[in-house]
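A structural walkthrough
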Amino acid sequence: MGRLKDYKLLAAVLGILVTAGPVLWFSAWLQKQGEAEVSVAASWTIGNVEVQVGRAVAALDELAAAGVDGCRGNQLEQLRQVLLKSAPVKELSIVGANGQTQCSDRGGAFAPREVIAGAATADPNLVLEVIRFAGSDERMLRVRRTGGSARTSLAAVVPAEMLLPQVAPDGTRFTGYARITLSDDTVIGMVGSDGDGALRDGLIASRVRSDRFGIVVTAAMVRNGVFATYDDLRRIGMVVTGLLALIILVAALIVPWRERSNPFFEIERAIGAGEFVPYYQPIVDIKSGGLLGAEVLVRWRKRDGTLVPPVAFIPFLESNDLILDMTRSLMRQVCEEVGPFLTERPGMYVAFNIAPRHLKGETLIDDIGSIFVGGPISMSQLVLEVTERYEIENLTATRCLIAALQGLGCRVAIDDVGTGHNGLSYILKLGVDIIKIDKMFVDAIRTEAHSQAIVDTLVDLARNLKMQIVAEGVENFEQVTFLRDRGISSAQGYVFSPALPGSAFVQLIEAIDPIVPARDTATAQPAAQQKAPALPHQAAA
Ligand code: C2E
Ligand code: CA
Ligand code: CA
């Protein structure tokens with residue numbers, strides 16, 4: 001039903017939000033944590049770079065102050081002395097104007113070197129270069145001090161690894177990614193790269209630049225174990241959310257399927273969809289052949305067109321409150337379908353079967369009030385059939401309810417008389433208006449003497465108590481004659497007609513009890529006085 005579907009949709013949306021909410025929050029939190037961590041790693045690394053390069057610059061300043069500008073014996077000795085106290089500097093050297101190394105702290109013997117790139121710094125006398133010693137892949141940073149009157153420059157070589165972070169800010173081994181470049185992006189060195197040195201998409205990264213040296217540090221999270229980075233965790237969170245959302249969606253799809261296989265939901269839906277439809281079994285005046293009215297008998301017309309008889313579902317409906325909804329739906333449909341025809345024929349009535357649980361409290365009174373008051377069917381045209389099949393739980397309360405219904409103008413019939421366990425005197429205390437003689441006794445009229453006796457007893461009782469009798473399940477003319485001879489005037493059964501769909505019943509009403517148009521009334525007799533034509537089944541038999 002619509003209500004149920006809305007509820008499920010809401011549940012699915014809420015379910016997804018409830019799942020996605022915390023994961024999105026967690027993911028945002030992880031992003032922040034990640035950003036904070038790489039930003040600390042970047043500042044930590046740039047701090048280290050400035051300290052180490054600063055030491056190299058200090059060594060060069062000291063040599064310049066001492067006037068070292070060439071490769072003379074005492075100058076080489078000075079290079080050696082300064083080198084000893086200038087970790088992380090690996091080599092101090094004199095570089096000629098042509099860029100060639102002329103001598104180093106080791107004298108004239110030094111490995112040839114290749115300059116990969118160079119960049120200026122904020123200090124016009126300071127140049128940074130990335131170099132490589134011949135025969136080695138290891139990159140080094142060469143800090144060169146130019147200027148002064150000398151045509152040579154002083155150079156300090158620092159291995160790239162000395163600039164890279166070895167430990168993390170918290171004292172543990174540094175496991176992140178860090179890359180140090182010159183201002184022109186030439187790589188000086190890097191750690192934590194997974195091969196090509198390129199940063200993978202989506203990694204949380206942070207860049208900082210040293211104002212003094214123009215060196216740029218890029219730090220990032222790298223894969224380290226299963227839950228490598230915050231970013232990976234974020235992805236895992238997304239996958240988990242996706243899976244949960246999928247599970248919720250599948251569940252939302254499965255629930256209606258389960259409901260379909262659950263009779264309660266299926267019947268609840270069918271009632272809402274108007275699949276329980278009224279059929280009408282004519283009740284006939286067996287003395288005149290006229291149409292007195294009809295008993296409403298429900299049929300379940302399924303979507304595929306199959307018609308299910310009440311034995312298949314009434315016991316289930318009566319075991320819970322679905323019978324109340326079904327009865328209300330039936331009453332409304334009857335008002336719509338045959339109401340106008342009954343308005344025109346105030347002597348005609350419709351009888352509804354009322355389940356025992358509908359007799360509790362005020363429900364039935366309320367339903368009748370809300371469905372029929374002001375509608376086309378008046379109270380005097382309503383008969384409510386109360387079955388005797390089950391024990392009547394609270395006789396006093398039921399009697400009060402029956403009196404209240406009669407107070408409204410309705411009539412009450414006791415159905416299936418003789419089939420239950422309540423006892424005749426007990427039933428008669430209910431003060432009903434109509435007794436319905438069960439088919440069981442009508443069937444046995446010809447064969448069983450005691451059935452005839454029961455019919456005679458009921459007829460006597462009814463006459464004394466001024467109750468009307470309706471015989472049910474009348475299937476042949478012998479039964480009609482027998483009942484008529486006993487003074488019973490109303491009957492229903494296949495001899496007259498089975499229960500008919502609304503359209504057929506309406507046609508029958510119009511055929512048997514036509515309404516004469518008002519302008520012709522001068523010559524026509526009133527409808528009630530006309531001799532009603534025979535029912536189709538009577539004519540055939
Ligand atoms: P019931 O109230 O005793 O209804 C009479 C049943 O006898 C109907 O069966 C009717 O079709 C059938 N019948 C009528 N004339 C003959 C006949 O000449 N020969 C035979 N063999 N059967 C005949 P149906 O329609 O299958 O209904 C069965 C029962 O289901 C009803 O018995 C009633 O107890 C219950 N029922 C039907 N509609 C409703 C309803 O709207 N509400 C409730 N609470 N019960 C209903
Ligand atoms: Ca009945
Ligand atoms: Ca009956």
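Heads up: the structure comes first, above all this text.
Residues numbered from 1 in each chain as written. Chains lettered and ligands numbered in written order. Predicted model: local features only at pLDDT ≥ 70, side-chain atom pairs only at ≥ 80, totals over all residues. Heavy atoms only, no water.

Quick word on the environment of Phe276
Heads up, the condition is: Where helices and strands are cited, they refer to DSSP runs of H or I of at least four residues and of E of at least two residues respectively, numbered from the N terminus. Between buried and exposed lies partly exposed: a residue is buried under 20% and exposed over 50% of the maximum accessible area for its type, with that area taken using a 1.4 Å probe on protein chains only. Note on contacts: a residue pair is in contact if any heavy atoms of the two residues lie within 4.5 Å.
By the element assignment, Phe276 lies in strand β11 (residues 276–285). Residue class for Phe276 comes out buried when judged on its relative accessible area of 1%. Through-space distance from the C-alpha of Phe276 to that of Lys302 is 8.3 Å; in sequence the pair is 26 residues apart. Apart from residues no more than four positions distant in its own chain, Phe276 is found in contact with Ile267, Ala270, Ile271, Val298, Arg299, Trp300, Phe313, Met326, Ser329, Leu330 and Gln333.

Observations concerning the packing of helix α7 (residues 322–343) against helix α14 (residues 502–512)
Note the following rule: Axis lines are fitted through C-alpha atoms, for helices just across the contact stretch, and the angle between N-to-C directions can take any value from 0 to 180 degrees. Each angle is binned into one of four classes, with values under 35 degrees roughly parallel, values over 145 roughly antiparallel, values of 65 to 115 roughly perpendicular, and all other values oblique. Put simply, Ala, Val, Leu, Ile, Met, Phe, Trp, Tyr, Cys and Pro go in the nonpolar bin, Asp, Glu, Lys and Arg in the charged bin, and everything else, Gly too, in the polar bin.
Where α7 contacts α14, the two axes come as close as 10 Å, and the packing angle between them is 10 degrees. In terms of orientation, α7 lies roughly parallel with respect to α14. Of α14, the residues touching α7 (which contributes Glu337, Val338, Phe341 and Leu342) are Gly502, Phe505, Val506, Ile509 and Glu510. For the contact of α7 with α14, the residue count by class is 6 nonpolar, 1 polar and 2 charged.

A word on the nonpolar core
Here is the rule we go by: The nonpolar core is taken to be a set of buried Ala, Val, Leu, Ile, Met, Phe, Trp, Tyr and Cys residues, with the residues joined through side-chain atoms within 4.5 Å.
Residues Phe352, Ile368 and Phe372 are the most contacted members of the largest nonpolar core, which totals 83 residues. Ranked by the residues each element gives to this core, the list is headed by α7, at 11 residues. With residues up to four places along the chain from it excluded, the contact list for Phe372 reads Met331, Cys335, Phe352, Ile377, Met379 and Leu382. Counting residues in each nonpolar core, the second largest holds 42 residues, with Leu63, Leu83, Cys103 and Ala156 among its members.

Let's talk about the coordination of the calcium ion (ligand 2)
Spelled out, the test is: For Na, K and Ca the donor cutoff is 3.2 Å, while for all other metals N, O and S atoms must lie within 2.8 Å; water is not among the atoms, so some sites may look incomplete.
Taken together, Glu295 (OE), Asn353 (OD1), Glu385 (OE) and Asp415 (OD) make up the protein donors of the calcium ion (ligand 2), found 2.1 to 2.3 Å from the metal. The sequence pattern describing where the donors of the calcium ion (ligand 2) fall on their chain is E-x57-N-x31-E-x29-D. The metal-metal distance between the calcium ion (ligand 2) and the calcium ion (ligand 3) is 4.1 Å, with Asp415 serving as a donor to both. Residue Glu295 is located in strand β12 (residues 291–301), and its partner Glu385 is located in strand β15 (residues 382–387); the two are separated by 90 residues in the primary sequence.

As for unusual backbone geometry
Trans peptide bonds make up the majority, and among non-glycine residues the majority have a negative phi. Note the cis peptide between Ala87 and Pro88, where omega equals 5 degrees. Relative to the helices and strands, Pro88 resides in the loop between α2 (73–84) and β1 (91–95). If you check the backbone angles, Asp416 has positive phi at about 55 degrees while not being a glycine. According to the relative accessible area criterion, Asp416 is buried, its value standing at 8%. Positive phi, close to 60 degrees, is recorded for Lys466, a residue that is not glycine. With respect to the secondary-structure elements, Lys466 resides in the loop between α12 (449–464) and β18 (468–471).

A word on the state of the cysteines
Put simply, the rule reads: For this text, the term disulfide refers to a pair of cysteine sulfurs within 2.5 Å.
Tallied over the entire structure, the rule returns 1 disulfide. Disulfide pairing is shown between Cys71 and Cys103; the S-S distance is 2.0 Å. Across the S-S bond of Cys71 and Cys103 the torsion is about -90 degrees, and the bridge reads as left-handed. Remark: Cys103 occurs in strand β2 (residues 101–104) and Cys71 occurs in the loop between α1 (2–65) and α2; sequence separation between them is 32 residues. Residue Cys71 is classed as partly exposed on the basis of its relative accessible area, which comes to 30%.

A closer look at the side chain of Asn320
As a reminder, the rule being used: Within 3.5 Å is the distance limit for a polar contact, defined as a pair of N or O atoms, with the added protein rule that one can donate a hydrogen and the other accept it, and that residues adjacent in sequence qualify only through two side-chain atoms.
Within the element layout of this structure, Asn320 appears in the loop between α6 (314–318) and α7. Judged by its relative accessible area of 14%, Asn320 is buried. Here Phe316 takes part through its backbone oxygen, which lies 3.4 Å from a polar atom of the side chain of Asn320. Setting aside anything within four residues of it in sequence, one finds Asn320 in contact with Phe264 and Arg357.

A look at α12
Just so we agree on the cut-off: Multiply 1.5 Å by the residue count of a helix minus one, and that product is the helix's expected span. The arc under discussion is defined with respect to the helix axis, by the directions toward the C-beta atoms.
The end-to-end C-alpha distance of α12, which contains 16 residues, comes to 23 Å, matching closely the 22 Å that a straight helix rising 1.5 Å per residue would cover. Buried within α12 we find Ser451, Val455, Leu458, Val459, Leu461 and Ala462. Viewed end-on, α12 has its buried residues packed into an arc of 165 degrees, placing them on one side of the element. Across from the buried face of α12, at angles greater than 90 degrees, the exposed residues are Ala449, Arg463 and Asn464. Tucked into the core, α12 has its buried residues touching β16 (411–417), α10 (424–428), β17 (434–437), α11 (439–443), β18 and α13 (477–485). One or two positions beyond α12, positive phi appears at Lys466, with a value near 60 degrees.

Remarks on the coordination of the calcium ion (ligand 3)
Distances from the calcium ion (ligand 3) to its protein donors, namely Asp415 (OD), Asp416 (OD), Glu472 (OE) and Glu472 (OE), fall within the range 2.2 to 2.6 Å. Along the chain, the residues donating to the calcium ion (ligand 3) are arranged with the sequence spacing D-D-x55-E.

Section: the packing of helix α5 (residues 263–272) against α7
Condition: Handedness of a crossing follows from how the near helix is turned relative to the far one, being left-handed for an anticlockwise turn of less than a right angle and right-handed for a clockwise one.
At a minimum axis separation of 10 Å, α5 and α7 run at an interaxial angle of 15 degrees. By the criterion of interaxial angle, the relationship of α5 to α7 is roughly parallel. Pair α5 / α7 crosses with left-handed handedness. On α7, the residues that touch Phe264, Ile267, Glu268 and Ile271 of α5 are Leu322, Asp325, Met326 and Ser329. Class assignment of the residues belonging to the contact of α5 with α7 gives a composition of 5 nonpolar, 1 polar and 2 charged.

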